[in-house]
Amino acid sequence: MSLTFEMDPPVDAQLRDGLCTLWADVTNAGGAIGFVPPVTPDAIRQDLLTHLVSVDAGRTRMLIGRDEHGAIAAGAFLVLNTHRLKRHWCSVYTVMVHPSLQGRGHGRDLMSATEKAARGMEGITALRLTCRGGLGLEQFYASCGYREVGRLPGAIKVADGELRDDVTLWMDLA
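None of the values given here were measured: they were computed from a predicted structure.

Asker: Which parts of the structure should I look at to understand the pattern of salt bridges?
Answerer: Oppositely charged side chains may form a pair once their charged atoms are brought near each other. Inspection of the entire model under this criterion finds 11 salt bridges. Of the charged contacts in the structure, one is a salt bridge between R45 and D17, with a shortest N-O distance of 3.3 Å. Highlighted residues: R45 in helix α2 (residues 41-56) and D17 in helix α1 (residues 13-28), separated in sequence by 28 residues. On the basis of relative accessible area, R45 is assigned to the partly exposed category, the value being 26%. Here D17 falls in the partly exposed class, since its relative accessible area comes to 39%. Taking the shortest distance from any N to any O, the salt bridge between D172 and R147 comes out at 3.4 Å. With D172 in strand β7 (residues 162-172) and R147 in strand β6 (residues 147-159), this pair connects stretches of sequence that are 25 residues apart.

Shown next, in the form of structure tokens:
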């Protein structure tokens, strides 16, 4: 099975609910996307709505992947810079693939679709991505063409006494 990727699909209740459920499912399976388990879709809804307001305003682009039944199975957000000196690159946020599909190359497909989408955006010459250290994500993103350019030790607190590095990765598109 392959995923079908779509940039900036129309936002309706089905898309919102699908993204909320995906985000919760990925988090509860150990995914490092802004929350720690356990979490419910309702707990995530406000963060998702913030992303969607930014999409509606044109400050963020949304990439989703659907499975063969049309269900939301993957997603990522590309946040454009508003500062005049940084408009040539954007940040990739909330990269997620449903846990039931992991280990089948869909994460790599999502990252490839993200890169392709960014290359199609006028003036974008690089991507910035951050990830939570300690989970092996740096190696995955390196295999997708990103290189580590910075690390803030212990900058992410996932629980009392449990700190993780905030890792910054970069991909040149030019």
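Asker: Just checking my understanding: could you explain the environment of T40 for this structure?
Answerer: Note on placement: T40 falls in the loop between α1 and α2. Spatially, the C-alpha atoms of T40 and G150 are 32 Å apart, while their sequence positions differ by 110 residues.

Asker: What's the story with the sheet that holds strand β2 (residues 60-66) in this structure? I'm lost.
Answerer: The pairing of strands in a sheet happens through backbone hydrogen bonds and is either parallel or antiparallel. Ordered in space as β1-β2-β3-β4-β5-β7-β6, the seven strands form an open sheet in which the pairing is mixed. Across the chains shown, the open sheet's two edge strands, defined by having one partner strand only, are β1 (4-7) and β6. Across this sheet, the average inter-strand angle for adjacent strands is 25°, counted without regard to direction. In the packing of helix α3 (residues 106-119) onto the sheet, the strands contacted are β1, β2, β3 (72-80), β4 (89-97), β5 (126-132) and β7, and the crossing angle to β4 comes to about 155°.

Asker: What is the right way to read the layout of surface pockets from this model?
Answerer: Rolling a probe over the atoms, with the probe sized like a water molecule, indicates the empty space that remains. In this structure, the largest pocket occupies an estimated 930 Å³ of space. For the largest pocket, the lining is made up of 43 residues, of which A32, I33, V95, L137 and Y141 are closest to its centre. Looking at which element gives the most residues to the lining of the largest pocket, the answer is β4, with six residues. Looking at the lining of the largest pocket, its residues break down into 23 nonpolar, 14 polar and six charged.

Asker: Looking at this model, I keep getting lost on the packing of aromatic side chains. Mind explaining?
Answerer: Two numbers describe a pair of aromatic rings. These are the distance of the centres and the angle of the planes. Applying the stated criterion to the full structure yields four aromatic pairs. In textbook terms, an aromatic cluster arises when at least three aromatic residues are bridged by ring pairs, as seen for F140, Y141 and Y146.

What counts and how
- Residues numbered from 1 in each chain as written.
- Predicted model: local features only at pLDDT ≥ 70, side-chain atom pairs only at ≥ 80, totals over all residues.
- Heavy atoms only, no water.
- Salt bridge = Lys/Arg side-chain N within 4 Å of Asp/Glu carboxyl O.
- Helix = DSSP H or I, 4+ residues; strand = E, 2+ residues; numbered from the N terminus.
- Buried < 20%, exposed > 50% of the residue type's maximum accessible area, 1.4 Å probe, protein only.
- Pairing = 2+ DSSP bridges.
- Axes fitted to C-alpha atoms, helices over the stretch in contact; angles between N-to-C directions.
- Contact = heavy atoms within 4.5 Å.
- 1 Å grid on protein atoms, 1.4 Å probe; cavity = no way out; pocket = protein on both sides within 12 Å on 5 of 7 lines; lining within 4 Å.
- Points joined across faces, edges and corners; volume = space filled by probe spheres on them.
- Nonpolar A, V, L, I, M, F, W, Y, C, P; charged D, E, K, R; others polar.
- Phe/Tyr/Trp six-rings, centres within 6.5 Å; stacked < 30°, edge-to-face > 60°.

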